[in-house]
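# A look at the structure
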Amino acid sequence: MSCDGLSHVRKMFKKMVVSVCVGMMVLMVMNPVLYANVKEEKEALESLESDTSLMVYLSGDGVLQVYMASVDLNLIFNRVGVNGLYGLSRLSLSKAPQMGDYYKMEIGTDWISPYMMRALEMEDLELPYYTGGWHGSNGNNTGETTAYTDYVNFRIDGEVPHTDTWMVCKTLTIQVVNQVEAYNDDTSTLEETITYTIEKDKVDIQVDARAKKPLEISQYFGLQTQNGWWDSIRYYDILGSYTENTTFLNSYALPKNMQTVHQFQLRSSGLAPILTAGMLTDGLGSLGNLDDSKPTCFTKGYGKTYFNLISGKPLMLEVDDSFTWRGFYHFESPEPAEQIITETLAQE
(Lines give C-alpha, C1' and ligand atoms only; values in the text may rest on other atoms or scores of the structure.)
Protein backbone atom coordinates (compact mmCIF):
# COMPACT_ATOMS: atom_id res chain seq x y z
CA MET A 1 0.00 0.00 0.00
CA SER A 2 1.29 3.51 -0.80
CA CYS A 3 2.09 6.09 1.89
CA ASP A 4 -0.99 8.06 0.89
CA GLY A 5 -3.10 4.90 1.23
CA LEU A 6 -1.71 4.19 4.69
CA SER A 7 -2.35 7.76 5.76
CA HIS A 8 -5.94 7.50 4.56
CA VAL A 9 -6.48 4.26 6.49
CA ARG A 10 -5.03 5.78 9.68
CA LYS A 11 -7.34 8.80 9.37
CA MET A 12 -10.34 6.48 8.98
CA PHE A 13 -9.43 4.56 12.11
CA LYS A 14 -8.84 7.76 14.08
CA LYS A 15 -12.34 8.94 13.16
CA MET A 16 -13.72 5.60 14.35
CA VAL A 17 -11.90 5.93 17.66
CA VAL A 18 -13.23 9.49 18.14
CA SER A 19 -16.78 8.19 17.57
CA VAL A 20 -16.24 5.53 20.22
CA CYS A 21 -14.90 8.09 22.70
CA VAL A 22 -17.97 10.31 22.33
CA GLY A 23 -20.21 7.32 22.90
CA MET A 24 -18.21 6.35 26.00
CA MET A 25 -18.88 9.66 27.74
CA VAL A 26 -22.62 9.09 27.44
CA LEU A 27 -22.39 5.44 28.45
CA MET A 28 -20.35 6.15 31.58
CA VAL A 29 -23.34 7.97 33.01
CA MET A 30 -26.15 5.80 31.65
CA ASN A 31 -24.73 2.29 31.88
CA PRO A 32 -21.36 1.56 33.55
CA VAL A 33 -21.45 -2.13 32.51
CA LEU A 34 -21.93 -1.29 28.85
CA TYR A 35 -19.27 1.40 29.25
CA ALA A 36 -16.76 -1.30 30.20
CA ASN A 37 -17.59 -3.22 27.00
CA VAL A 38 -17.16 -0.11 24.84
CA LYS A 39 -13.86 0.72 26.59
CA GLU A 40 -12.66 -2.75 25.67
CA GLU A 41 -13.74 -2.18 22.09
CA LYS A 42 -12.05 1.24 21.94
CA GLU A 43 -8.74 -0.35 22.91
CA ALA A 44 -9.22 -2.98 20.20
CA LEU A 45 -10.03 -0.33 17.58
CA GLU A 46 -6.91 1.63 18.49
CA SER A 47 -4.80 -1.47 17.95
CA LEU A 48 -6.20 -1.77 14.41
CA GLU A 49 -3.86 1.02 13.35
CA SER A 50 -1.21 -1.68 13.14
CA ASP A 51 -1.21 -4.30 10.36
CA THR A 52 -4.02 -6.32 11.95
CA SER A 53 -7.49 -5.89 10.53
CA LEU A 54 -10.09 -8.08 12.24
CA MET A 55 -11.98 -7.75 15.53
CA VAL A 56 -13.54 -10.95 16.83
CA TYR A 57 -15.98 -11.65 19.65
CA LEU A 58 -16.98 -15.22 20.55
CA SER A 59 -19.79 -15.50 23.08
CA GLY A 60 -20.00 -18.30 25.60
CA ASP A 61 -22.89 -19.87 23.67
CA GLY A 62 -20.92 -19.94 20.40
CA VAL A 63 -22.20 -16.86 18.56
CA LEU A 64 -19.28 -15.38 16.63
CA GLN A 65 -18.98 -11.76 15.51
CA VAL A 66 -16.29 -10.86 12.99
CA TYR A 67 -15.74 -7.17 12.28
CA MET A 68 -13.91 -6.25 9.07
CA ALA A 69 -12.81 -2.71 9.83
CA SER A 70 -11.71 -1.92 6.26
CA VAL A 71 -15.32 -2.21 5.02
CA ASP A 72 -17.31 -1.51 8.25
CA LEU A 73 -18.70 -5.04 7.92
CA ASN A 74 -19.90 -7.44 10.62
CA LEU A 75 -20.20 -11.14 9.83
CA ILE A 76 -22.25 -13.05 12.41
CA PHE A 77 -22.00 -16.84 12.63
CA ASN A 78 -24.49 -18.93 14.59
CA ARG A 79 -26.63 -22.06 14.33
CA VAL A 80 -29.16 -21.45 11.57
CA GLY A 81 -32.12 -23.00 9.78
CA VAL A 82 -34.21 -26.06 10.49
CA ASN A 83 -31.05 -28.19 10.85
CA GLY A 84 -29.29 -25.79 13.21
CA LEU A 85 -26.05 -26.03 11.22
CA TYR A 86 -23.34 -23.57 12.19
CA GLY A 87 -22.91 -20.90 9.53
CA LEU A 88 -23.43 -17.31 8.45
CA SER A 89 -26.51 -15.79 10.12
CA ARG A 90 -26.29 -12.02 9.50
CA LEU A 91 -24.41 -9.31 7.62
CA SER A 92 -24.42 -5.79 8.98
CA LEU A 93 -22.62 -2.48 8.57
CA SER A 94 -21.38 -0.55 11.58
CA LYS A 95 -18.75 2.14 12.22
CA ALA A 96 -17.76 0.15 15.31
CA PRO A 97 -19.21 -3.19 16.42
CA GLN A 98 -20.85 -1.95 19.64
CA MET A 99 -22.12 1.34 18.22
CA GLY A 100 -25.12 -0.20 16.43
CA ASP A 101 -25.82 -1.38 12.89
CA TYR A 102 -26.78 1.17 10.27
CA TYR A 103 -27.57 -1.46 7.62
CA LYS A 104 -28.15 -5.19 7.98
CA MET A 105 -29.34 -8.33 6.23
CA GLU A 106 -30.55 -11.40 8.08
CA ILE A 107 -29.47 -14.60 6.37
CA GLY A 108 -32.39 -16.89 5.56
CA THR A 109 -30.94 -19.38 3.08
CA ASP A 110 -27.84 -21.35 2.09
CA TRP A 111 -24.52 -19.74 1.28
CA ILE A 112 -22.90 -23.20 1.19
CA SER A 113 -24.77 -25.60 -1.08
CA PRO A 114 -27.20 -28.31 0.03
CA TYR A 115 -27.19 -31.71 -1.74
CA MET A 116 -29.49 -33.54 -4.11
CA MET A 117 -28.13 -36.87 -2.88
CA ARG A 118 -29.34 -40.49 -3.06
CA ALA A 119 -28.14 -43.39 -0.88
CA LEU A 120 -27.67 -46.20 -3.41
CA GLU A 121 -28.41 -49.07 -1.03
CA MET A 122 -31.68 -47.58 0.22
CA GLU A 123 -35.10 -47.59 -1.41
CA ASP A 124 -35.48 -44.59 -3.72
CA LEU A 125 -38.22 -41.95 -3.40
CA GLU A 126 -40.49 -40.65 -6.13
CA LEU A 127 -39.93 -37.04 -5.10
CA PRO A 128 -36.27 -36.29 -4.29
CA TYR A 129 -35.39 -33.09 -2.41
CA TYR A 130 -32.36 -31.16 -1.22
CA THR A 131 -30.83 -32.04 2.15
CA GLY A 132 -28.29 -30.34 4.38
CA GLY A 133 -27.84 -26.60 4.74
CA TRP A 134 -31.19 -24.90 5.39
CA HIS A 135 -33.21 -27.80 3.91
CA GLY A 136 -35.44 -30.04 6.01
CA SER A 137 -37.46 -33.09 4.95
CA ASN A 138 -40.04 -30.90 3.16
CA GLY A 139 -37.29 -29.70 0.80
CA ASN A 140 -37.27 -26.21 2.32
CA ASN A 141 -36.63 -24.77 5.78
CA THR A 142 -39.37 -26.93 7.34
CA GLY A 143 -39.99 -30.55 8.26
CA GLU A 144 -37.65 -32.99 9.96
CA THR A 145 -33.94 -32.28 10.12
CA THR A 146 -31.72 -33.69 7.37
CA ALA A 147 -28.33 -32.74 8.87
CA TYR A 148 -26.64 -31.69 12.09
CA THR A 149 -23.39 -30.06 13.15
CA ASP A 150 -21.04 -32.45 14.95
CA TYR A 151 -18.67 -29.81 16.26
CA VAL A 152 -17.10 -26.42 15.54
CA ASN A 153 -13.46 -25.40 16.07
CA PHE A 154 -12.21 -21.79 16.24
CA ARG A 155 -8.64 -20.52 15.94
CA ILE A 156 -7.48 -16.91 16.14
CA ASP A 157 -3.95 -16.50 14.77
CA GLY A 158 -3.60 -20.23 15.41
CA GLU A 159 -4.66 -20.09 19.06
CA VAL A 160 -7.86 -21.14 20.83
CA PRO A 161 -9.86 -17.91 21.40
CA HIS A 162 -11.12 -16.56 24.69
CA THR A 163 -14.87 -16.11 25.03
CA ASP A 164 -16.86 -12.99 25.90
CA THR A 165 -14.04 -10.58 25.05
CA TRP A 166 -13.00 -8.60 21.98
CA MET A 167 -9.86 -9.88 20.26
CA VAL A 168 -7.83 -8.29 17.47
CA CYS A 169 -6.18 -10.64 14.99
CA LYS A 170 -4.92 -11.15 11.45
CA THR A 171 -6.48 -14.55 10.78
CA LEU A 172 -9.60 -16.33 12.01
CA THR A 173 -10.27 -19.98 11.15
CA ILE A 174 -13.62 -21.70 11.69
CA GLN A 175 -13.94 -25.43 11.03
CA VAL A 176 -17.47 -26.88 10.96
CA VAL A 177 -18.10 -30.64 10.71
CA ASN A 178 -21.61 -31.62 9.58
CA GLN A 179 -23.38 -34.94 9.12
CA VAL A 180 -25.80 -34.91 6.15
CA GLU A 181 -28.51 -37.42 5.20
CA ALA A 182 -29.47 -38.40 1.67
CA TYR A 183 -33.10 -37.68 0.80
CA ASN A 184 -33.91 -41.42 0.97
CA ASP A 185 -32.01 -42.13 4.19
CA ASP A 186 -32.61 -41.20 7.82
CA THR A 187 -29.03 -41.56 9.07
CA SER A 188 -25.83 -39.77 8.08
CA THR A 189 -24.80 -40.48 4.50
CA LEU A 190 -22.06 -37.87 4.08
CA GLU A 191 -19.63 -36.12 6.42
CA GLU A 192 -19.00 -32.53 5.38
CA THR A 193 -16.16 -30.35 6.72
CA ILE A 194 -16.41 -26.62 5.96
CA THR A 195 -13.34 -24.50 6.74
CA TYR A 196 -13.62 -20.70 6.73
CA THR A 197 -10.36 -18.73 6.78
CA ILE A 198 -11.01 -15.02 7.28
CA GLU A 199 -8.40 -12.32 6.77
CA LYS A 200 -8.89 -8.57 6.33
CA ASP A 201 -11.86 -8.32 3.89
CA LYS A 202 -11.88 -11.87 2.50
CA VAL A 203 -13.41 -15.21 3.49
CA ASP A 204 -11.70 -18.25 1.95
CA ILE A 205 -13.79 -21.42 2.01
CA GLN A 206 -12.82 -25.04 1.60
CA VAL A 207 -15.28 -27.94 1.69
CA ASP A 208 -14.06 -31.53 2.13
CA ALA A 209 -16.70 -34.27 2.12
CA ARG A 210 -16.51 -38.03 2.68
CA ALA A 211 -19.10 -40.65 1.76
CA LYS A 212 -20.20 -42.86 4.65
CA LYS A 213 -22.32 -45.04 2.34
CA PRO A 214 -22.44 -45.61 -1.43
CA LEU A 215 -24.22 -42.57 -2.86
CA GLU A 216 -25.01 -40.48 -5.90
CA ILE A 217 -25.00 -36.65 -5.93
CA SER A 218 -27.00 -35.38 -8.90
CA GLN A 219 -27.08 -31.63 -8.13
CA TYR A 220 -24.68 -29.47 -6.13
CA PHE A 221 -23.83 -25.77 -6.36
CA GLY A 222 -20.86 -25.05 -4.09
CA LEU A 223 -21.02 -21.32 -3.26
CA GLN A 224 -24.27 -19.36 -3.28
CA THR A 225 -25.29 -15.84 -2.25
CA GLN A 226 -28.43 -14.19 -0.93
CA ASN A 227 -28.71 -10.97 -2.93
CA GLY A 228 -30.96 -8.74 -0.82
CA TRP A 229 -28.28 -6.05 -0.44
CA TRP A 230 -27.35 -5.88 -4.11
CA ASP A 231 -29.15 -4.89 -7.30
CA SER A 232 -26.76 -5.90 -10.09
CA ILE A 233 -24.52 -8.84 -10.89
CA ARG A 234 -21.54 -9.23 -13.19
CA TYR A 235 -20.52 -12.65 -14.49
CA TYR A 236 -16.77 -12.67 -15.19
CA ASP A 237 -15.34 -15.15 -17.69
CA ILE A 238 -11.85 -16.56 -17.48
CA LEU A 239 -10.46 -13.65 -19.54
CA GLY A 240 -11.87 -11.03 -17.16
CA SER A 241 -14.65 -9.69 -19.40
CA TYR A 242 -18.17 -9.63 -17.98
CA THR A 243 -21.88 -9.48 -18.68
CA GLU A 244 -24.17 -7.60 -16.30
CA ASN A 245 -27.74 -8.24 -15.11
CA THR A 246 -30.05 -7.39 -12.25
CA THR A 247 -29.94 -9.68 -9.21
CA PHE A 248 -33.74 -10.07 -9.15
CA LEU A 249 -34.25 -11.41 -12.67
CA ASN A 250 -33.45 -14.88 -13.95
CA SER A 251 -30.08 -14.76 -15.69
CA TYR A 252 -27.52 -17.33 -16.73
CA ALA A 253 -23.94 -17.53 -17.87
CA LEU A 254 -23.56 -19.16 -21.26
CA PRO A 255 -23.34 -22.97 -21.36
CA LYS A 256 -20.10 -24.50 -20.10
CA ASN A 257 -18.88 -25.29 -23.63
CA MET A 258 -19.16 -21.59 -24.55
CA GLN A 259 -18.18 -19.75 -21.34
CA THR A 260 -16.63 -20.60 -17.97
CA VAL A 261 -17.58 -18.27 -15.12
CA HIS A 262 -15.48 -18.75 -11.99
CA GLN A 263 -16.29 -15.37 -10.45
CA PHE A 264 -19.32 -13.15 -10.12
CA GLN A 265 -19.57 -9.73 -8.54
CA LEU A 266 -22.55 -8.26 -6.69
CA ARG A 267 -22.88 -4.47 -6.77
CA SER A 268 -25.32 -2.01 -5.23
CA SER A 269 -26.40 1.57 -5.80
CA GLY A 270 -26.83 1.80 -2.01
CA LEU A 271 -24.65 1.24 1.06
CA ALA A 272 -23.64 -2.38 0.55
CA PRO A 273 -20.01 -3.26 -0.11
CA ILE A 274 -19.09 -4.86 -3.40
CA LEU A 275 -19.02 -8.65 -3.03
CA THR A 276 -16.97 -10.85 -5.35
CA ALA A 277 -17.63 -14.58 -5.07
CA GLY A 278 -15.14 -16.93 -6.67
CA MET A 279 -14.67 -20.63 -7.30
CA LEU A 280 -11.15 -22.05 -7.74
CA THR A 281 -10.46 -24.57 -10.46
CA ASP A 282 -9.33 -27.58 -8.43
CA GLY A 283 -11.56 -30.38 -7.11
CA LEU A 284 -15.19 -29.95 -8.11
CA GLY A 285 -14.20 -26.49 -9.38
CA SER A 286 -12.68 -28.18 -12.43
CA LEU A 287 -16.33 -28.70 -13.52
CA GLY A 288 -15.81 -32.32 -14.50
CA ASN A 289 -19.30 -33.16 -13.20
CA LEU A 290 -21.05 -30.35 -15.10
CA ASP A 291 -22.60 -31.16 -18.46
CA ASP A 292 -21.37 -29.00 -21.37
CA SER A 293 -24.91 -27.70 -21.97
CA LYS A 294 -25.29 -26.34 -18.41
CA PRO A 295 -24.33 -22.81 -17.27
CA THR A 296 -21.43 -22.52 -14.83
CA CYS A 297 -23.24 -19.81 -12.85
CA PHE A 298 -26.80 -18.45 -12.69
CA THR A 299 -29.15 -16.14 -10.79
CA LYS A 300 -32.80 -16.78 -9.94
CA GLY A 301 -35.42 -14.06 -9.78
CA TYR A 302 -36.11 -14.66 -6.08
CA GLY A 303 -32.70 -13.10 -5.39
CA LYS A 304 -30.06 -15.83 -5.20
CA THR A 305 -26.97 -16.58 -7.28
CA TYR A 306 -25.40 -20.01 -7.62
CA PHE A 307 -22.29 -21.61 -9.03
CA ASN A 308 -23.04 -24.93 -10.72
CA LEU A 309 -20.63 -27.75 -9.85
CA ILE A 310 -22.63 -30.96 -10.34
CA SER A 311 -25.42 -31.10 -12.92
CA GLY A 312 -26.00 -33.53 -15.76
CA LYS A 313 -23.03 -35.74 -14.74
CA PRO A 314 -23.78 -37.26 -11.31
CA LEU A 315 -20.95 -37.81 -8.85
CA MET A 316 -20.83 -41.45 -7.72
CA LEU A 317 -19.09 -42.22 -4.42
CA GLU A 318 -18.30 -45.45 -2.62
CA VAL A 319 -17.72 -45.69 1.13
CA ASP A 320 -14.83 -43.37 2.17
CA ASP A 321 -14.59 -41.75 -1.27
CA SER A 322 -14.25 -38.00 -0.96
CA PHE A 323 -14.38 -34.72 -2.86
CA THR A 324 -13.25 -31.16 -2.25
CA TRP A 325 -13.63 -27.63 -3.60
CA ARG A 326 -12.36 -24.15 -2.73
CA GLY A 327 -13.83 -20.69 -3.16
CA PHE A 328 -13.99 -17.25 -1.57
CA TYR A 329 -16.03 -14.16 -0.75
CA HIS A 330 -14.21 -10.84 -1.09
CA PHE A 331 -15.78 -7.60 0.19
CA GLU A 332 -14.77 -4.13 -1.01
CA SER A 333 -15.99 -0.64 -0.19
CA PRO A 334 -18.51 0.58 -2.79
CA GLU A 335 -16.80 2.81 -5.33
CA PRO A 336 -18.03 4.36 -8.58
CA ALA A 337 -14.80 3.47 -10.37
CA GLU A 338 -14.54 0.32 -12.47
CA GLN A 339 -13.63 -2.68 -10.33
CA ILE A 340 -10.88 -4.99 -11.51
CA ILE A 341 -10.91 -8.66 -10.55
CA THR A 342 -7.47 -9.44 -9.09
CA GLU A 343 -7.94 -12.97 -7.78
CA THR A 344 -6.01 -15.66 -9.68
CA LEU A 345 -7.78 -18.90 -10.46
CA ALA A 346 -4.59 -20.86 -9.82
CA GLN A 347 -3.93 -19.43 -6.36
CA GLU A 348 -2.85 -21.79 -3.62
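Residues numbered from 1 in each chain as written. Predicted model: local features only at pLDDT ≥ 70, side-chain atom pairs only at ≥ 80, totals over all residues. Heavy atoms only, no water.

### Side note on the overall build of the protein chain
Counting its regular elements, the protein chain contains 2 helices and 22 strands. Across the 348 residues in the protein chain, those meeting the buried criterion constitute 52%. At a minimum sequence separation of 6, the contacts of the protein chain that also span at least 24 residues come to 63%. Accessible area for the protein chain stands at about 15600 Å²; split by element, carbon and sulfur atoms hold 53% of it. (Helix = DSSP H or I, 4+ residues; strand = E, 2+ residues; numbered from the N terminus. Buried < 20%, exposed > 50% of the residue type's maximum accessible area, 1.4 Å probe, protein only. Contact = heavy atoms within 4.5 Å. Areas by Shrake-Rupley, 256 points an atom, 1.4 Å probe, with all protein chains shown as cover.)

### Examining the packing of aromatic side chains
For the structure on display, the rule yields 16 aromatic pairs. On the numbers, 5.3 Å between centres and 70 degrees between planes, the contact of Phe-77 with Tyr-196 is edge-to-face. Of this pair, Phe-77 sits in strand E3 (residues 73-80) while Tyr-196 sits in strand E10 (residues 188-199), and the two are 119 residues apart along the sequence. With respect to class, Phe-77 is no different from Tyr-196; both count as buried. Ring geometry for Phe-221 against Phe-298: centres 6.0 Å apart, planes inclined by 75 degrees, an arrangement best described as edge-to-face. Here Phe-221, found in the loop between strand E12 (215-220) and strand E13 (224-226), pairs with Phe-298, found in strand E19 (residues 297-300); they are 77 residues apart in sequence, far enough to count as distant. For Phe-221, a relative accessible area of 7% translates into the label buried. (Phe/Tyr/Trp six-rings, centres within 6.5 Å; stacked < 30°, edge-to-face > 60°.)

### A closer look at the sheet that holds strand E11 (residues 202-211)
Across the sheet, 9 strands lie side by side as E7-E9-E10-E11-E22-E18-E17-E14-E15; this open sheet has antiparallel pairing. Here the strands that pair on one side only, and so sit at the sheet edges, are strand E7 (147-156) and strand E15 (242-246). Averaged over all pairs of adjacent strands, the angle between their axes in this sheet comes to 15 degrees, without regard to strand direction. The sheet contact formed by strand E14 (residues 232-237) and strand E17 (residues 261-267) spans 6 bridges and is antiparallel. Note on E17: the bridge partner recorded for Ser-232 is Arg-267. (Pairing = 2+ DSSP bridges. Axes fitted to C-alpha atoms, helices over the stretch in contact; angles between N-to-C directions.)

### Describing the nonpolar core
Judged by nonpolar contacts, the single largest core of 72 residues is most densely connected at Leu-75, Phe-323 and Trp-325. Among residues more than four places away in sequence, those in contact with Trp-325 are Ile-112, Ile-205, Gln-206, Val-207, Tyr-220, Gly-222, Leu-223, Met-279, Asp-282, Leu-284, Gly-285 and Leu-309. (Core = buried A, V, L, I, M, F, W, Y, C linked by side-chain atoms within 4.5 Å.)

### As for unusual backbone geometry
Phi is positive for Asp-164, which is not a glycine, with a value near 60 degrees. Along the chain, Asp-164 turns up in the loop between E7 and strand E8 (166-169). Judged by relative accessible area, Asp-164 falls into the partly exposed class, the value being 43%. Unlike most non-glycine residues, Asp-320 shows phi in positive territory, near 75 degrees. Structurally, Asp-320 is set in the loop between strand E21 (310-317) and strand E22 (322-332).

### Some words on the pattern of salt bridges
What the rule picks out here adds up to 9 salt bridges. The residue Lys-213 makes a salt bridge to Asp-185 at a minimum N-O spacing of 2.6 Å. Here the residue Lys-213 occupies a position in the loop between E11 and E12, and Asp-185 occupies one in the loop between strand E9 (171-181) and E10, the gap between them amounting to 28 residues. Taking relative accessible area as the criterion, Asp-185 reaches 9% and is therefore assigned buried. The closest approach of N and O atoms between Arg-210 and Glu-191, which form a salt bridge, is 3.8 Å. Of the two residues, Arg-210 is situated in strand E11 and Glu-191 in strand E10; the sequence distance between them amounts to 19 residues. Ionic contacts of the salt-bridge type, sharing partners, join the residues Glu-191, Arg-210 and Asp-320 into one network. (Salt bridge = Lys/Arg side-chain N within 4 Å of Asp/Glu carboxyl O.)

### Some points on the side chain of Gln-226
With respect to the element layout, Gln-226 can be found in strand E13. In terms of polar contacts, Gln-226 uses its side chain to reach the backbone carbonyl oxygen of Glu-106, at 3.0 Å. Filtering out sequence-adjacent residues up to four positions away, Gln-226 remains in contact with Met-105, Glu-106, Ile-107, Gly-108, Thr-109, Trp-111, Gly-303 and Lys-304. (Polar contact = N/O pair within 3.5 Å; in protein donor to acceptor, adjacent residues only side chain to side chain.)

### Remarks on the confidence of the model for the protein chain
On average, residues of the protein chain score 86 in pLDDT, and 81% of them are at 70 or above. Note that residues 1-36 has pLDDT below 50 and, in this model, 31 contacts with residues that lie over four places away or in other chains. Within the model, the stretch residues 336-348 combines pLDDT values under 50 with 28 contacts to residues more than four positions away or in other chains. (pLDDT = per-residue confidence, 0-100.)

### Some details on the sheet that holds E19
Strand pairing in a sheet relies on backbone hydrogen bonds, with the paired strands running either antiparallel or parallel. Reading across the sheet, the 4 strands line up as E13-E20-E19-E16 and stay open at both edges, with antiparallel pairing between neighbours. The sheet terminates laterally at E13 and strand E16 (251-252), the two strands that pair on one side only. For E16 and E19, the ladder comprises 2 bridges, and the chain directions are antiparallel. In the sheet register, Tyr-252 faces E19, and the bridge partner there is Phe-298.

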